[in-house]
There are 2 protein chains.
Amino acid sequence: MPTVSELGERVLIQRITARLAQPAWVVVGPGDDAAVIEPEPRALDVLTTDAQVDGIHFDRRFVPPDAIGHRALAVNLSDLAAMGATPRAALLSLALPEDLPASFVDAMLDGLLALASRHRVALIGGNITQSPGPLVVDVTAIGAVGPRRILTRGGARPGDEVYVTGSIGGAAVGLAWLQEAPASGGDGPDDPSLRQTAERYLRPEPRVRAGMMLGRNRAASACMDLSDGLADGVRGIAEASNAGIAVDAGALPIDAAVRRWHEQRGTDATIAAVAGGDEYELLFTVRPAHRGRLRQVQRLVGDLPISRIGVVTKERKVVMREAGREREFPQGFEHFR
Amino acid sequence: MPTVSELGERVLIQRITARLAQPAWVVVGPGDDAAVIEPEPRALDVLTTDAQVDGIHFDRRFVPPDAIGHRALAVNLSDLAAMGATPRAALLSLALPEDLPASFVDAMLDGLLALASRHRVALIGGNITQSPGPLVVDVTAIGAVGPRRILTRGGARPGDEVYVTGSIGGAAVGLAWLQEAPASGGDGPDDPSLRQTAERYLRPEPRVRAGMMLGRNRAASACMDLSDGLADGVRGIAEASNAGIAVDAGALPIDAAVRRWHEQRGTDATIAAVAGGDEYELLFTVRPAHRGRLRQVQRLVGDLPISRIGVVTKERKVVMREAGREREFPQGFEHFR
């Protein structure tokens, strides 16, 4: 199997574009100097970019190429979801080590395009360059949102209730398990529920539909994704909204397998779940008067759990309430330290 | 001066966003999960992404940080120009080595923002991550173009005349001179005209206004930028248009300083200028009946030279005509080999 540098940029791009089908609103797709698309009528453009770097966000030794492709798009779709936007298109910028097998790029595209197809996202362009350094997968995602449907971080008011989709703490445990797992040459236990938890890290499910519905039904007053974890999210919404947030530790949705993992190690599952990053759930706030709208969203998103975990407070600090006591909120996760 | 890892992602982002002013059509700027902008009324969105990697596209040893920032945006504005688009906004994704001084990032932003300001481009968002590898500066640029004003590569017809803006061959000579120049510790001659030529490599001027005017006046039938050089551009338009192109070697706009450089070394200036990459001129074709439109464009772009260098042919091959003889076109430049 040839390496990417043996194939060359042109052939690599041809291999990728040959796999793409473009919807009617793509006026100029890959292959020209830039892509041209029709904006969604009566909507605003939503734009975000996020890079995944080997050795920082993933490790090629235990993250398979399709998962790298999936993650690179997922983190961007999650950002669009947090704005209430419908995803539409993506640009893919790759910096490739010269000895990377071309089959690795194919498999990465498998993961990326499978996720794109499920959310009807068109890959409309991109760029490939060689790099003397690690694999960098940089995706820009473009979505659309109605002018009065935008979910920002800054709309929470004291008294609003705080909710989170899905469950938290799984990605960090999944990553730790992968680092130890037998498949990677480590000696971790091959526990099926942990294998499932690892999927939370490997192939996170961006909450695209939940974000869209929270925006369209005007159910949420503020929203943010948990890419840097719950501690970061809670602080993010509180700061942007000039308010505080009190989280009820007992209400946090933490899976049994995640709790068990921490119990076995004598670590605090709550603190770990709150501090850990790489979660792609949505954290959002709802006015008490809009609970009915939230119930409607809940019906529309099917079996995705939505948990009420706290309340927005007037006092500008974030706290954790546990067994009647209040304590400072654990510090969050910062990628770059 | 602290390094980027000492400052951390959050502070770095704050330092950058504090410098930005956002136009009225930016509904949500940096600091939320994604940026939200109003599309240009009655226009299409044009999107492109291009990464600059240390050791591949530039070398930190002789390319100052402001030039790195300038180039990262310029290459993307050039792609928009080649589509006839008006640039509007950009996203900046940085992968930073942990020991990079924070002042380096500031200086990089100086260069990027100076160019952005000249073309009224708003930096609306981005991403910063650490990297164990080289500096990677990935920019996504967003522009607008009227539905019937798009310039693609595929619109050339036999008989169309082929034009190029500015001059060619300067970037490659500029780069070679920088690699030898006294400032970089080498022993090259400190020739003022070569210092000026080096600017072609360091701070290329994307032909934003020329591209917009060629589209708006419907003067060009096809257009492409010369990021991978003229040989690549000629082949790109010919292939996309199912036609051939014959270039008149004597008509190529090559600066005297560039010719002198090659003469002194006994190398062929024409071949080097045609094969070299990193040019950000526009190559475009014009129907003979539309020469009047082109003259109008020429008046609107002021003193930017526009040279007629060849003709589109029916026979699907690209050739160079020189002193009455026809020869095969030199091979182009491929970044990734």
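Higher on the page you've got the structure.
Residues numbered from 1 in each chain as written. Chains lettered and ligands numbered in written order. Predicted model: local features only at pLDDT ≥ 70, side-chain atom pairs only at ≥ 80, totals over all residues. Heavy atoms only, no water.

Visitor: Hey, could you run me through the packing of helix α5 (residues 170-180) of chain A against helix α6 (residues 192-202) of chain A in this one?
Guide: Any two packed helices are characterised by how steeply their axes cross, that is the angle between the axes, and by the distance between the axes. All names here are of chain A. At a minimum axis distance of 7 Å, the contact between α5 and α6 shows a crossing angle of 110 degrees. On the basis of the axis angle, α5 is roughly perpendicular to α6. Classified by chirality, the crossing of α6 by α5 is left-handed. Residues G170, A171, V173, G174, L175, W177 and L178 of α5 touch α6, and the partners they reach there are L194, R195, T197, A198, R200, Y201 and L202. For the contact of α5 with α6, the class distribution of residues is nine nonpolar, three polar and two charged. (Axes fitted to C-alpha atoms, helices over the stretch in contact; angles between N-to-C directions. Helix = DSSP H or I, 4+ residues; strand = E, 2+ residues; numbered from the N terminus. Parallel < 35°, antiparallel > 145°, perpendicular 65-115°, else oblique. Left-handed = near helix turned anticlockwise from the far one by under 90°. Contact = heavy atoms within 4.5 Å. Nonpolar A, V, L, I, M, F, W, Y, C, P; charged D, E, K, R; others polar.)

Visitor: Can you walk me through the interface of chain A and chain B in this structure?
Guide: Reports often express the size of an interface as the amount of accessible area lost when the parts come together. The interface is formed by 64 residues belonging to chain A together with 64 residues belonging to chain B. Taken together, the two surfaces of chain A and chain B that pack against each other cover about 5100 Å², and 59% of this comes from carbon and sulfur. One can count six salt bridges joining chain A with chain B. Two residues, D32(B) and R153(A), come together in a salt bridge whose shortest N-O distance is 3.6 Å. Remark: the boundary between chain A and chain B carries 23 residue pairs in polar contact (both at pLDDT 80 or more). It is strand β3 (residues 44-53) of chain A that contributes the most residues to the side of chain A that touches chain B, nine residues altogether. Of the residues contributing to the side of chain A that touches chain B, the split by class is 33 nonpolar, 16 polar and 15 charged. Strand direction decides the pairing type here: β3(A) and strand β2 (residues 35-37) of chain B, joined by three bridges, are antiparallel. Across the sheet, the residue bridging to V46(A) is V36(B), located in β2(B). (Buried area = accessible area lost by both parts, 1.4 Å probe. Salt bridge = Lys/Arg side-chain N within 4 Å of Asp/Glu carboxyl O. Polar contact = N/O pair within 3.5 Å; in protein donor to acceptor, adjacent residues only side chain to side chain. Pairing = 2+ DSSP bridges.)

Visitor: Explanation requested: the environment of G133(B) in the structure shown.
Guide: With respect to the secondary-structure elements, G133(B) resides in the loop between β5 (122-131) and β6 (136-145). On the basis of relative accessibility, which here comes to 13%, the residue G133(B) falls in the buried class. Between the C-alpha atom of G133(B) and that of L96(B), which follows or precedes it by 37 residues, the distance is 7.9 Å. Among residues more than four places away in sequence, those in contact with G133(B) are P134(A) and P97(B). (Buried < 20%, exposed > 50% of the residue type's maximum accessible area, 1.4 Å probe, protein only.)

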